[in-house]
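Reading the structure
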Amino acid sequence: MARIVMKFGGTSVADLDRIRNVAARVKREVDAGHQVAVVVSAMSGVTNQLVKWCQELSPLHDAREYDTVVATGEQVTTGLTAIALQTIGVEARSWQGWQVPIVTDQAHGKARVERIDGALLIERMESGQVPVIAGFQGIDLGRNRITTLGRGGSDLSAVAVAAAVKADRCDIYTDVDGIYTTDPRIVPRARKLERISFEEMLELASVGAKVLQTRSVELAMKLGVRVQVVSSFEDKPGSLVVDEDEIVEQPVVSGIAYSRDDAKVTLRRLPDRPGVAAKVFGALAKANVNVDMIVQNVGADGMTDMTFTVGKADLARAQDMLAKEQHELGHEAVLADPDVAKISVVGIGMRSHAGVANTMFKALAEKGINIQVISTSEIKVSVLVAADYTELAVRALHTAYGLDAPA
């Protein structure tokens, strides 16, 4: 007997037939003698519509009311899934984030999980009941307000719940049957990975891979939660996200990721003096704007240019903050370009192999793709390019690193 957390994304619960399919999968695990908790997302498309309504009313809406609105999608799904399970003879009960409770900080729209007491969930599971828990949402107990964990936050909820109930495994059910070397919709010869390390998956998720949310992988790595990505619609082996020690062969590059969710921001003629970067990024952090790639040009005449990327969803907030702080920061202009894409190559084998970046730059140059910004880490190289070149860049790099499956 195992204790398993099963998480189902939006496409897996998109309509009543798919919810019935979810219930059948859960029943199969229960009938096998396992203790099961279920975490569900909102039905496919629902959260997007809720977000759109908030943005149409006010682009700079109150984040607390935003959370109140967008958290409703998961509430519907938990109730429907519990009903579907009860209908086929499985004892089940819906749980909202505040009922568990999933306690978070006060960063509405991007809240971080602070703690979950899994004792009551474990008690229900041991009695044979299946808790159906709303993903994506929690509660700020200090203000007694609903919070949400950011896009893809149901993955984070599932991993956090798995850690709280001391689960043997956290299964993430989605519309793909595992983790691939890149997006198979762009590269038909992409290969499914049997195993991938937490560190590689964290990098891939952070630079655009949509399979798992970044913070869910970070939490799984920190807490040692084994994660499996499997298909909701096919009975196929999935992909395991595990500790690096469990991977026998460490490829130089494991995957290529891309993101069209970033925007490039350039501060023109910023005073070139100590502390200016701290002021810029301190102000952005205060506005809850996450910054990724950063480049500062060599100063001239006491002035410099600084370029960085932010999420497109944060672009309006960043521009508003930079306009308000212009007198304090001293920049002459803010240039924004949302038509960019970040392309990244990731692999733990990079630690022991030279020339990975050179292969990337050469492959892109041969396709006539100009690189705007470069950033690196121990197991990742990322570049920013014009959005129109996204698919061409991904295909070229996938071939250049020998990741194509045999024809």
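Residues numbered from 1 in each chain as written. Predicted model: local features only at pLDDT ≥ 70, side-chain atom pairs only at ≥ 80, totals over all residues. Heavy atoms only, no water.

Labelled according to an unreviewed UniProt entry, the protein appears under the name Aspartokinase, originating from Roseomonas fluvialis. As stated in UniProt under Catalytic activity (unreviewed entry), the record for the protein gives "L-aspartate + ATP = 4-phospho-L-aspartate + ADP". (UniProt positions renumbered as here; feature names shortened; annotations may be inferred.)

Describing the overall build of the protein
Helix and strand counts for the protein come out as 13 helices and 22 strands. The C-alpha radius of gyration of the protein comes to 22 Å, within 12% of the 22 Å expected for a compact globule of 407 residues. Summarising its shape, the C-alpha atoms of the protein cover approximately 75 × 55 × 35 Å along the three principal directions. For the protein, contacts bridging at least 24 residues in sequence account for 75% of all contacts bridging at least 6. For the protein, the accessible surface area stands at approximately 18,500 Å², while carbon and sulfur atoms represent 49% of it. Each charge class in the protein can be summarised by its mean position, and for the 45 positive and 52 negative side chains these summaries are 2 Å apart. (Helix = DSSP H or I, 4+ residues; strand = E, 2+ residues; numbered from the N terminus. Rg over C-alpha atoms; globule rule 2.2 N^0.38 Å. Contact = heavy atoms within 4.5 Å. Areas by Shrake-Rupley, 256 points an atom, 1.4 Å probe, with all protein chains shown as cover. Lys, Arg positive; Asp, Glu negative; His and termini not counted. Charge placed at Lys NZ, Arg CZ, Asp CG, Glu CD.)

Comments concerning the pattern of salt bridges
According to the stated counting rule, one finds 26 salt bridges in the structure shown. Of the charged contacts in the structure, one is a salt bridge between Lys110 and Asp314, with a shortest N-O distance of 3.1 Å. You can see Lys110 sitting in the loop between strand S4 (102–104) and strand S5 (113–116) and its partner Asp314 sitting in the loop between strand S18 (303–311) and helix H10 (315–324), a full 204 residues away along the chain. (Salt bridge = Lys/Arg side-chain N within 4 Å of Asp/Glu carboxyl O.)

Side note on the sheet that holds strand S20 (residues 340–346)
Spatially, the 4 strands line up as an open sheet ordered S15-S20-S22-S21, and their pairing is antiparallel. Two strands in the sheet have a free side with no partner beyond their single neighbour: strand S15 (255–259) and strand S21 (373–377). Each strand of the sheet is rotated relative to its neighbour by a mean of 20°, with strand direction disregarded. Of the pairings in the sheet, the one linking S15 to S20 comprises 5 bridges and is antiparallel in character. Residue pairing in the sheet places Gly255 in a bridge with Val346 of S20. Against the sheet, helix H12 (residues 356–366) makes contact with S20, S21 and strand S22 (380–386), and its axis sits at roughly 20° relative to S22, the strand it touches most. (Pairing = 2+ DSSP bridges. Axes fitted to C-alpha atoms, helices over the stretch in contact; angles between N-to-C directions.)

Notes on the UniProt feature "domain: ACT" (unreviewed entry) in the protein
Following the UniProt record, the feature "domain: ACT" (unreviewed entry) maps to residues 265–348 here. Helix makes up 30% of residues 265–348 and strand makes up 40%, while its end C-alpha atoms are separated by 30 Å.

Section: the side chain of Glu203
As for its position among the elements, Glu203 is in helix H7 (residues 198–206). According to the relative accessible area criterion, Glu203 is buried, its value standing at 16%. Of the polar contacts made by the side chain of Glu203, one reaches the side chain of Ser377; its length is 3.0 Å. The contacts of Glu203, once residues within four sequence positions are left out, are Val346, Ser377, Ile379 and Lys380. (Buried < 20%, exposed > 50% of the residue type's maximum accessible area, 1.4 Å probe, protein only. Polar contact = N/O pair within 3.5 Å; in protein donor to acceptor, adjacent residues only side chain to side chain.)

Quick notes on helix H1 (residues 16–31)
Relative to the 22 Å expected for 16 residues at 1.5 Å per residue, H1 spans 22 Å between its end C-alpha atoms, a close match to the ideal helical length. What H1 keeps buried is the set Ile19, Val22, Ala23, Arg25, Val26 and Glu29. Along the axis of H1, the buried residues cluster in a sector spanning 160°; they form a single face. Opposite its buried face, H1 presents the exposed residues Asp17, Arg20 and Asp31, each directed more than 90 degrees away. (Expected span 1.5 Å × (residues − 1). Arc of directions from axis to C-beta.)

Some points on the environment of Val373
If you trace the backbone, Val373 turns up in strand S21. Expressed as a C-alpha distance, the spacing of Val373 and Val276, which sit 97 residues apart in the sequence, is 20 Å. When residues no more than four places from it in sequence are discounted, the contact partners of Val373 are Met293, Val295, Thr307, Ser382, Val383 and Leu384.

Concerning helix H8 (residues 214–223)
Listing the buried residues of H8 in full gives Arg215, Ser216, Val217, Leu219 and Ala220. Looking at the buried side of H8, the elements it contacts are helix H6 (153–164), H7 and strand S13 (227–231). Directly after H8, the chain includes Gly224, whose backbone phi takes a positive value near 70°.

Things to note about unusual backbone geometry
Cis peptide bonds are those with omega within 30 degrees of zero, and the linkage from Val100 to Pro101 qualifies with -10°. Relative to the elements of secondary structure, Pro101 occurs in the loop between strand S3 (92–95) and S4. Even without a glycine there, the phi angle at Phe136 is positive, about 80°. Positive phi, normally seen in glycine, also occurs at Asn288, with a value near 60°. Along the chain, Asn288 turns up in the loop between helix H9 (276–286) and strand S17 (291–296).

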